[in-house]
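Structural features, examined
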Amino acid sequence: MRIKILLSGLVLATLASSALAANRPAGYVTICSEGKTCSVANATTVAFGRADKFVYKVLSGSFVCSEAVFGSRIAGGVNECSVARNTSSVPAQSSSSRSSSSVASSIASSVSSVKSSVSSVASSVRSSVASSAASSVTNPPVGTYYPGCEKPEPTETVQLAATRVVVAGEVFDGLNKRYNLSGGGQGEGQPPLFDVQEGGVVRNVIIGSAAADGIHCKGNCTIDHVWWEDIGEDAATAMGPAGTIMNVTCGAAFNGSDKTFQFNGRGELHISKFYVQGAGKLARTCGDCTNNGGPRKIVINDVITRDVSTIVGINTNFGDTATIRNLTLNNSGTSKTKICQVYKGVVKGSGSSSALGVEFDTANCDVRPADVTLLGNSQMNTSACAGSCPIN
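Summarised in this report is the structure supplied together with it. (Residues numbered from 1 in each chain as written. Predicted model: local features only at pLDDT ≥ 70, side-chain atom pairs only at ≥ 80, totals over all residues. Heavy atoms only, no water.)

Considering the sheet that holds strand S1 (residues 28–33)
Note on sheets: strands pair through backbone hydrogen bonds, and any given pair is parallel or antiparallel. As summarised here, the arrangement of the four strands in space is S1-S4-S2-S3, forming an open sheet in which the pairing is antiparallel. The sheet is open, and its two edges are formed by S1 and strand S3 (53–64), each paired on a single side. Strand after strand, the sheet turns through a mean of 40° between neighbouring axes, direction not considered. Strand direction decides the pairing type here: strand S2 (residues 37–50) and S3, joined by 11 bridges, are antiparallel. Across the sheet, Thr-45 pairs through a bridge with Val-58, a residue of S3. (Pairing = 2+ DSSP bridges. Helix = DSSP H or I, 4+ residues; strand = E, 2+ residues; numbered from the N terminus. Axes fitted to C-alpha atoms, helices over the stretch in contact; angles between N-to-C directions.)

Section: the pattern of salt bridges
In the structure shown here, the tally under the stated rule is 11 salt bridges. With a closest N to O distance of 2.8 Å, Glu-229 and Arg-178 form a salt bridge. Residue Glu-229 is found in the loop between strand S11 (221–228) and strand S12 (236–238), and its partner Arg-178 is found in strand S7 (residues 171–180); the two are separated by 51 residues along the sequence. One network of salt bridges, with partners in common, ties together Lys-151, Arg-178 and Glu-229. (Salt bridge = Lys/Arg side-chain N within 4 Å of Asp/Glu carboxyl O.)

A closer look at the environment of Thr-30
Note on placement: Thr-30 falls in strand S1. Residue classification places Thr-30 among the buried positions, given a relative accessible area of 7%. For the pair Thr-30 and Phe-48, spaced 18 residues apart in sequence, the C-alpha separation works out to 9.5 Å. A polar contact of 2.7 Å, which involves the side chain of Thr-30, links it to the side chain of Glu-80. (Buried < 20%, exposed > 50% of the residue type's maximum accessible area, 1.4 Å probe, protein only. Polar contact = N/O pair within 3.5 Å; in protein donor to acceptor, adjacent residues only side chain to side chain.)

With respect to the packing of aromatic side chains
Aromatic ring pairs are reported here in terms of the distance separating the ring centres and the angle at which the planes meet. Inspection of every chain in the model, using the stated rule, returns 12 aromatic pairs. Centroid distance Phe-172 to Phe-194: 5.2 Å. Interplanar angle 50°. Geometry classified as tilted. Placement of the pair is Phe-172 in strand S7 and Phe-194 in strand S8 (residues 194–196), with a sequence separation of 22 residues. Judged by its relative accessible area of 10%, Phe-172 is buried. Taking the centre distance of 5.8 Å and the plane angle of 85° together, the rings of Trp-228 and Phe-261 count as edge-to-face. Here Trp-228 is found in strand S11, whereas its partner Phe-261 is found in strand S14 (residues 259–263), with 33 residues between them in sequence. You'll find Trp-228 and Phe-261 in the same group, each marked buried. (Phe/Tyr/Trp six-rings, centres within 6.5 Å; stacked < 30°, edge-to-face > 60°.)

Re the environment of Ser-272
For Ser-272, the location among the structural elements is in strand S15 (residues 267–285). Remark: the alpha-carbon pair of Ser-272 and Asn-301, spanning 29 residues in sequence, is separated by 4.9 Å. Each residue touching Ser-272, except ones within four places of it in the same chain, is listed here: Val-248, Thr-249, Cys-250, Asn-301, Asp-302 and Val-303. A polar atom in the side chain of Ser-272 sits 3.1 Å from the side chain of Thr-249. (Contact = heavy atoms within 4.5 Å.)

Looking at the nonpolar core
Counting 55 residues, the largest nonpolar core has Ile-215, Trp-228, Met-246, Phe-261, Ile-271 and Ile-339 as its most contacted members. Not counting chain neighbours up to four residues away, the residues in contact with Ile-215 comprise Phe-194, Val-196, Val-202, Ile-207, Ile-223, Val-226, Trp-228, Ala-235, Ala-236 and Thr-237. (Core = buried A, V, L, I, M, F, W, Y, C linked by side-chain atoms within 4.5 Å.)

What to know about the state of the cysteines
With the rule as written, the count across this model stands at six disulfides. Paired through a disulfide, Cys-32 and Cys-38 show a sulfur-sulfur distance of 1.6 Å. Exposure remark for Cys-32: the relative accessible area of 7% places this residue in the buried category. Judged by its relative accessible area of 3%, Cys-38 falls in the buried class. At a sulfur-sulfur separation of 2.0 Å, the disulfide partner of Cys-149 is Cys-250. (Disulfide = S-S within 2.5 Å.)

Structure below.
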């Protein structure tokens, strides 16, 4: 009997280690499984996923552990919600009973034949696995970078003499070097640091104070792990034709006075796992370009901003749309942030574009107040327009 119990304990140890390690980041503890209601303290970073793949969102109070809350899920099994081990949670039941029932249910599905006489072995295994994975990982900070996308220290600084053209299909790896060109202010007509042709990729780049006009994307392109220490004229501009996507993921931008991402072409602009601090707008479809028109589509998911006046600006008369999920505002003051500001765009030489108001949950602005998490002093403008803002 003793040997049987020990063998059962070893089976439980293997299964517990596999289940716990795979479905939450190292140093995190599961607070509930997919479809269940969890509760956390104010402004807590929660991981959602399985099989060592996760999305993160800053949440407060009660929420449902679900794709609807986090914006995506990892296929292939039940996802879990977890928090850093040193983070307080506020469960509906005691933390010990929640942890025990959550893990027990996971293990029971695989080893239903194991008797309750070995439950104490399972408990000790859970404690051992959890404690060995803890201590070195803390709750990812909000207010510096998007969790997991922190800027590295530059390996060196490169002064470009001219724009670096990233040819069609090229993957340019900057090896975490800092790149400068010229300018860095808001002057129009500056050259880009990087001119990215169809299918090009720019990754592992730090753009310094001489940012000029950042990155120009001439077609489908990916901007991955790029950090702007100074936004310059614009951090990046989407210039591709209809059917193309400029995808910006895992980076940050600082010290801008106007737009961060400019959208002059057609197609789509996607921004995810990104942090912006100090800018007029996160993204704006062009208000008065030559041959201006649309439609243009902006998709924002898992973004944190600090002291950014407007998240997106779109031209409803050109059919522009914006979809926003998992946005966190962490402002230093109480100025109200405009989440989806709609405009009437114009063709260059035909006057100026005009602001029409703020929209929520309309055909053009696919965003609700519940999609926005407010930290600290942050507030959002919800009264600039009630419902749709028709063009007069």
